[in-house]
Amino acid sequence: MSRLCILSLLVVACAFYEVYGCSCFFPPPKEKYIYGVKYICKGLNREAFCGTGSKFLAKAKVLQKTRKGGINGQVFYKVYLLRTYKASLQFYQTVYGRITTIQTAGNSAACGVNLQKGQIYLLRGNTRHLKNHIGLCAGIGLFSDLSYRKRRFLAQNGCNSPAIDYPYCERARH
């Protein structure tokens, strides 16, 4: 009986694989009171849109995709920067001409991003040790999917300008 218990524990222990979990935290919409009436603001806010913790925000075209380390490894994208809206000195140190390399996790469970070659994206991320990183929580998306308001915000202000908000508030329902 004890051999059977030990054997079953050994089988269960050997069956575990490396597990990933990607979870993003987004702050709740802001509340605002106008003449005692509660409004919920879901508007375009510079800090939220540009990413207070991110080191770069750029419009880029994907030139090449390379996977290293198997399914759970890293994916490297060579991108051509069409326009840079926000960038740190570390980010500029990784740019050669207008081309840079951006890496992400190998699968979406580890917050990896799957970009398509030839597509134009709005990329937001961080630079650590002269390596650019992006992830699901950064809000990466096709540039063509951006709303008119977001495109106008980027064209007029970028992310290095003083804080300018374009809030959209609606009356709270009871």
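Computed from a predicted structure; not experimentally measured.

Analysis parameters
Residues numbered from 1 in each chain as written. Predicted model: local features only at pLDDT ≥ 70, side-chain atom pairs only at ≥ 80, totals over all residues. Heavy atoms only, no water. Phe/Tyr/Trp six-rings, centres within 6.5 Å; stacked < 30°, edge-to-face > 60°. Helix = DSSP H or I, 4+ residues; strand = E, 2+ residues; numbered from the N terminus. Buried < 20%, exposed > 50% of the residue type's maximum accessible area, 1.4 Å probe, protein only. Patch = residues over 30% accessible without salt bridge, like charges linked within 9 Å, V, L, I, M, F, W, Y side chains within 5 Å. Areas by Shrake-Rupley, 256 points an atom, 1.4 Å probe, with all protein chains shown as cover. Salt bridge = Lys/Arg side-chain N within 4 Å of Asp/Glu carboxyl O. Pairing = 2+ DSSP bridges. Core = buried A, V, L, I, M, F, W, Y, C linked by side-chain atoms within 4.5 Å. Contact = heavy atoms within 4.5 Å.

## Quick notes on the packing of aromatic side chains
Then, number 1: Taken as a whole, this structure holds 2 aromatic pairs when the rule is applied.
Then, number 2: Taking 4.6 Å as the distance between ring centres and 20° as the angle between the ring planes, the aromatic pair formed by F56 and F91 counts as stacked. Taken together, the residues span a long stretch of sequence, with F56 in strand β3 (residues 56-68) and F91 in helix α3 (residues 89-92) at a distance of 35 residues.
Then, number 3: On the basis of relative accessibility, which here comes to 1%, the residue F56 falls in the buried class.

## Notes on a nonpolar patch on the surface
Then, number 1: On the surface, a cluster of nonpolar side chains totalling about 210 Å² of accessible area is made up of L63, Y80 and I99.
Then, number 2: As for its placement among the helices and strands, I99 is situated in strand β5 (residues 99-105).
Then, number 3: The class for I99 is partly exposed, based on a relative accessible area of 33%.

## Things to note about the pairing of β5
Then, number 1: Burial runs high along β5: 5 of the 7 residues are buried.
Then, number 2: Examined bridge by bridge, β5 and strand β7 (residues 131-133) share 2 bridges and lie parallel to one another. The residue of β7 that forms the bridge with I102 is N132.

## Topic: the nonpolar core
Then, number 1: Within the largest apolar cluster, 16 residues are counted, with the highest numbers of intra-cluster contacts made by V79, L81, L115, L123 and I134.
Then, number 2: Elements with a minimum of two residues in this core: β3, β4 (74-87) and β6 (120-128).
Then, number 3: In this structure, C50, L122, F153 and C159 belong to the second largest nonpolar core, which totals 10 residues.

## Overview of the side chain of S54
Then, number 1: Its location among the elements puts S54 in the loop between α2 (46-50) and β3.
Then, number 2: Setting aside anything within four residues of it in sequence, one finds S54 in contact with K86, R124, G125 and N126.

## Points about the environment of R83
Then, number 1: If you trace the backbone, R83 turns up in strand β4.
Then, number 2: Among the residues examined, R83 registers a relative accessible area of 39% and is labelled partly exposed.
Then, number 3: Separated by 15 residues in sequence, R83 and R98 place their C-alpha atoms 9.1 Å apart.
Then, number 4: Beyond its immediate stretch of four places on either side in the chain, R83 contacts A58, K59, R98, L154 and A155.

## Quick word on unusual backbone geometry
Then, number 1: Backbone geometry places C111, a non-glycine residue, at a positive phi of 70°.
Then, number 2: Structurally, C111 can be placed in the loop between β5 and β6.
Then, number 3: A positive phi angle is found at H129, which is not glycine, with a value near 55°.
Then, number 4: Take H129: it is sitting in the loop between β6 and β7.
Then, number 5: The class for H129 is exposed, based on a relative accessible area of 76%.

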